[in-house]
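So you can see what is in the structure, the chains are spelled out below.
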Amino acid sequence: MPVARASAPRKVIDARGTFCPGPLMELIAAMKIAEVGDEIEVLSSDRGSASDIPEWIRKVGHELMSTSEQEGVWHVVVRKAK
Amino acid sequence: MRILIVGGGMGGTILANNLARRLNNELKTGKARITMLSASDKHMYQPGLLYVALGRMTPDELYRDQASLLEPGIEFHVDPVDEFQLDKNQVKAKSGKTYGYDLIAIATGSRPVPEEIPGLAENSINVYTEEAALKFFQTISRFQGGRVVIAVGVPHKCPMIPPEVTFTLYDYFKNRGLADKVSFHYTYPIGRLHSLEPVSKWMEGEFAQRGITSETLFNIKEVDGKKRVVRSLEGSEAKYDLLVAVPAHKGMEVIEKNNLGKGGWIPVDRNRLNIEGHTNAFALGDTTNIPISKAGSTAHFEAEALAENLASIVKIGSPTRDYDGKVFCFIEAGKDKATYAMFNYNNPPDPKPPTKSIHWFKMAYNQLYWTSARGLL
Ligand SMILES: Cc1cc2nc3c(=O)[nH]c(=O)nc-3n(C[C@H](O)[C@H](O)[C@H](O)COP(=O)(O)OP(=O)(O)OC[C@H]3O[C@@H](n4cnc5c(N)ncnc54)[C@H](O)[C@@H]3O)c2cc1C
């Protein structure tokens with residue numbers, strides 16, 4: 001029997017060690033094809049992403065759910081708000 | 001073992017040729033079979049489109065017959081795939097024929113989708129198809145002066161196109177004696193001029209020398225052709241007389257239609273390139289969801305790693321190596337100079353100042369490409 005889920009599964013972008021096009025660019029691309037309410041988690045080994053991504057999110061008006069660092073990898077979770 | 005390769009572009013062609021050489025004996029004895037299905041009997045050298053757009057090459061110089069690029073022993077059909085039935089190990093093609101396989105590799109590439117942004121397709125020029133490149137040249141050759149805006153969407157094919165198109169177009173107008181009549185304004189989606197930080201730093205200097213202005217964190221939202229203004233998702237706008245777009249791309253419709261990946265991007269393992277949930281189905285080149293450049297060189301290095309793995313699956317039953325994220329990109333820097341960036345998952349790029357010799361190497365590569373596609377380089 002199918003089980004009802006509160007939210008769609010979170011999409012993960014594994015951008016560890018990728019230098020081009022870069023974690024923020026990947027997130028922007030993924031946001032375009034996501035549905036409102038979807039959550040996307042970006043994994044990045046680039047310290048800059050921890051400030052870049054929140055800056056863009058604020059500017060555009062999406063929701064920053066969390067940021068954390070685990071062993072040199074930044075996990076940034078974003079929710080598409082519009 | 002039956003190996004099916006879908007797509008006869010850069011990735012598919014290098015993979016097929018590399019495999020055919022590794023499996024020479026197996027092909028002769030009938031132990032292995034390689035079949036390629038593509039949408040066209042021609043192969044286009046896509047980077048040449050930039051030169052077509054600037055009037056330096058004509059479109060006929062960009063094409064070769066696909067069959068002539070393939071090693072003997074590879075079966076080639078122009079029969080685009082319509083349905084991927086990965087659970088049944090088969091695909092259905094346009095002709096109505098079904099092709100079964102033991103191993104499949106999908107390399108169907110990507111396409112620009114300017115029509116997805118209101119007003120963009122009608123009001124801008126780009127270099128991404130033969131038709132667009134010709135329109136690009138006709139438009140710039142009629143242009144008599146004004147403000148040129150370069151606006152970049154994501155994701156796009158070839159991360160070097162934004163700087164290349166800017167610098168080469170700048171030179172084009174300068175050569176026409178219009179330097180004083182044309183100004184350049186460059187916009188980019190993230191908080192610097194290029195996704196590669198060292199390239200971005202280098203561009204800052206080059207922009208300063210040429211008086212090129214810029215705005216970062218600018219993602220194209222819509223274009224108002226009447227007012228000649230492009231607006232960003234972030235709430236700002238840029239006025240243009242000539243709008244040059246690097247439009248966002250998607251994978252092929254057929255990928256999305258078959259539920260292989262949203263936006264036409266197929267989720268694969270970043271080292272082994274197998275499609276998530278499948279051990280005998282792989283994807284390479286532009287169509288994967290791996291966050292690295294959608295570039296011919298990515299397709300090339302992925303194809304080499306995958307060829308080695310598919311050949312070892314045939315020979316010893318399991319893959320033997322990982323793709324390490326290697327990419328190599330030339331960067332045309334105008335004034336007959338060029339540089340390059342090389343990197344992988346673990347080592348960042350470190351582009352050097354542009355030189356004439358790298359520009360000439362790139363010119364030579366435009367011809368050497370055909371050797372590279374044959375898998376010889
Ligand atoms: C203007 C421009 C400049 C570029 N400059 C550079 C550069 O300097 N350096 C660089 O590395 N890269 C560059 N690139 C990018 C490079 O050309 C692509 O990244 C590369 O071709 C991708 O290879 P691919 O095999 O994934 O796809 P493609 O080479 O695009 O091949 C896709 C193939 O799939 C086939 N196909 C499509 N649909 C189907 C179907 N349903 N069934 C079967 N077959 C199908 C097509 O016919 C085609 O043969 C540039 C691209 C452009 C447009």
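Only a predicted model underlies this, so the values are computations on that prediction, with no experimental measurement involved.

Undergrad: Honestly, the interface of chain A and chain B in this entry has me stumped. Any pointers?
TA: Interfaces are frequently sized by the accessible area removed from exposure as the parts join. Contacts between the two partners involve 25 residues from chain A, matched on the other side by 31 residues from chain B. The junction of chain A with chain B conceals about 2,200 Å² of combined surface from both sides, 64% of it contributed by carbon and sulfur atoms. Of all residues in chain A, F19(A), C20(A) and M25(A) bury the most surface against chain B, accounting for 31% of the area lost on that side. Remark: the boundary between chain A and chain B carries two salt bridges. Among the salt bridges present, the one from R270(B) reaches D14(A), with a minimum N-O distance of 3.6 Å. Where chain A touches chain B, the interface holds four residue pairs in polar contact (both at pLDDT 80 or more). Mapped onto the side of chain A that touches chain B, the elements with two or more residues apiece are strand 1 (11-15), helix 1 (23-33) and helix 2 (49-60) of chain A. Here the side of chain A that touches chain B is composed, by residue class, of 13 nonpolar, three polar and nine charged.

Undergrad: What is the right way to look at helix 9 (residues 296-316) of chain B in this model?
TA: Count 3.6 residues to each turn of an α-helix, and residues three or four apart come out pointing the same way. All names here are of chain B. For helix 9, which comprises 21 residues, the first-to-last C-alpha distance of 30 Å matches the rise-based estimate of 30 Å (1.5 Å per residue) to within 8%. Of all the 21 residues making up helix 9, 16 are buried; the element is thus mostly covered by neighbouring parts of the structure. Positive backbone phi, approximately 90 degrees, marks G317, located one or two places after helix 9.

Undergrad: Mind showing me how you'd approach empty space enclosed by the protein here?
TA: In this approach, a probe sized like a water molecule rolls over the atoms, and the result shows the empty space that is left. Scanning the entire structure with this criterion turns up three cavities of 30 Å³ or more. As a volume, the largest cavity reaches approximately 100 Å³. As for the largest cavity, its lining consists of 13 residues, of which P21(A), M25(A), P155(B), H156(B) and P159(B) are closest to the centre. A breakdown of the residues in the lining of the largest cavity according to their chemical character gives eight nonpolar, three polar and two charged. When residues of the lining of the largest cavity are assigned to domains, at least three fall in each of domain 1 (2-109 + 252-326) and domain 2 (114-249) of chain B.

Undergrad: It is not clear to me how the pairing of strand 4 (residues 73-79) of chain A should be interpreted in this structure. Could you clarify?
TA: Put simply, side chains in a regular strand alternate between the two faces of the sheet. Residues and elements named next belong to chain A. Of all seven residues in strand 4, six are buried; the element is thus mostly enclosed. Where strand 2 (residues 39-44) and strand 4 come together, six bridges link them in antiparallel fashion. Pairing of E39 across the sheet is with R79, part of strand 4. Sheet topology note: the strand 3 (residues 63-70)/strand 4 ladder contains seven bridges and is antiparallel. Its bridge partner being in strand 4, S68 is matched across the sheet by H75. In sequence, strand 3 turns back onto strand 4 through a hairpin of two residues, with E71 there showing a positive phi of about 50 degrees.

Undergrad: Looking at this structure, how should I read the packing of helix 6 (residues 161-175) of chain B against helix 7 (residues 197-210) of chain B?
TA: A pair of packed helices is captured by two measures, namely the crossing angle of their axes and the spacing between those axes. All names here are of chain B. Axis separation between helix 6 and helix 7 bottoms out at 12 Å; the angle between their running directions is 20 degrees. Overall, the two elements helix 6 and helix 7 adopt an arrangement that is roughly parallel. Where helix 6 crosses over helix 7, the handedness of that crossing is left-handed. Across from P163, T166, F167 and Y170 in helix 6, the residues of helix 7 making contact are W202, M203, E206, F207 and R210. For the contact of helix 6 with helix 7, the class distribution of residues is six nonpolar, one polar and two charged.

Undergrad: Is there a simple way to think about the site of the ligand in this case?
TA: All names here are of chain B. In the neighbourhood of the ligand, 32 residues make up the surrounding shell, with G11, Q46, D286, G296 and S297 lying closest. Between the ligand and A39, the relevant distance is 3.4 Å, taken from a nitrogen atom to a main-chain nitrogen or oxygen of the residue. In the environment of the ligand, an oxygen atom lies 3.5 Å from a nitrogen or oxygen atom belonging to the backbone of A295. Coverage of the ligand by the protein chains reaches 90% of its 1,000 Å² of free accessible surface. Of all elements in the fold, only helix 1 (10-22), strand 2 (33-38) and helix 9 reach the threshold of two or more residues within the shell around the ligand. If one sorts the elements of the shell around the ligand by residue count, helix 9 sits on top with three residues. Partitioning the shell around the ligand into residue classes produces 16 nonpolar, twelve polar and four charged.

Undergrad: Got a minute to help me understand helix 1 of chain A in this structure?
TA: Residue and element names in this part refer to chain A. Burial analysis of helix 1 places nine of its eleven residues in the buried class, which makes it a mostly covered element. Of the residues making up helix 1, those classed as buried are P23, L24, M25, E26, L27, I28, A29, A30 and M31. Along its buried surface, helix 1 packs onto strand 1, strand 2, helix 2 and strand 4.

Undergrad: Is there a simple way to think about the sheet that holds strand 3 of chain A in this case?
TA: Sheet strands pair via backbone hydrogen bonds, and the direction of the pair is either parallel or antiparallel. All names here are of chain A. Taken in spatial order, the four strands of this open sheet run 1-2-4-3, and their pairing is mixed. Among the strands making up the open sheet, the edge pair consists of strand 1 and strand 3. Averaged over all neighbouring strand pairs, the angle between strand axes comes to 15 degrees, with direction disregarded. Sheet strands in contact with helix 1 are strand 1, strand 2 and strand 4, and its direction is about 165 degrees off that of strand 2. Each of strand 2, strand 3 and strand 4 touches helix 2; the most contacted strand, strand 4, lies at about 10 degrees to it.

Undergrad: Looking at this structure, I do not really get the domain arrangement of chain B. What am I missing?
TA: Residue and element names in this part refer to chain B. Considered domain by domain, chain B is made up of domain 1 (2-109 + 252-326) and domain 2 (114-249). Centre-to-centre, using C-alpha coordinates, domain 1 lies 32 Å away from domain 2. Between domain 1 and domain 2, the contact holds 16 residues from the first and 20 residues from the second. In this assembly, domain 1 packs against domain 2 so that about 1,400 Å² is buried in total across both faces, 71% of it on carbon and sulfur atoms. When the buried area of domain 1 at its contact with domain 2 is split by residue, L50, A53 and L54 rank highest and sum to 37% of it. There are zero salt bridges connecting domain 1 and domain 2. Summed over the shared surface of domain 1 and domain 2, the result is four residue pairs in polar contact (both at pLDDT 80 or more). If you tally residues by element for the side of domain 1 that touches domain 2, the top one is helix 3 (residues 49-53), at four residues.

Thresholds, definitions, all that
Residues numbered from 1 in each chain as written. Chains lettered and ligands numbered in written order. Predicted model: local features only at pLDDT ≥ 70, side-chain atom pairs only at ≥ 80, totals over all residues. Heavy atoms only, no water. Contact = heavy atoms within 4.5 Å. Buried area = accessible area lost by both parts, 1.4 Å probe. Salt bridge = Lys/Arg side-chain N within 4 Å of Asp/Glu carboxyl O. Polar contact = N/O pair within 3.5 Å; in protein donor to acceptor, adjacent residues only side chain to side chain. Helix = DSSP H or I, 4+ residues; strand = E, 2+ residues; numbered from the N terminus. Nonpolar A, V, L, I, M, F, W, Y, C, P; charged D, E, K, R; others polar. Expected span 1.5 Å × (residues − 1). Buried < 20%, exposed > 50% of the residue type's maximum accessible area, 1.4 Å probe, protein only. 1 Å grid on protein atoms, 1.4 Å probe; cavity = no way out; pocket = protein on both sides within 12 Å on 5 of 7 lines; lining within 4 Å. Points joined across faces, edges and corners; volume = space filled by probe spheres on them. Domains from an automatic or database assignment. Pairing = 2+ DSSP bridges. Axes fitted to C-alpha atoms, helices over the stretch in contact; angles between N-to-C directions. Parallel < 35°, antiparallel > 145°, perpendicular 65-115°, else oblique. Left-handed = near helix turned anticlockwise from the far one by under 90°. Near = heavy atom within 4 Å. Areas by Shrake-Rupley, 256 points an atom, 1.4 Å probe, with all protein chains shown as cover.

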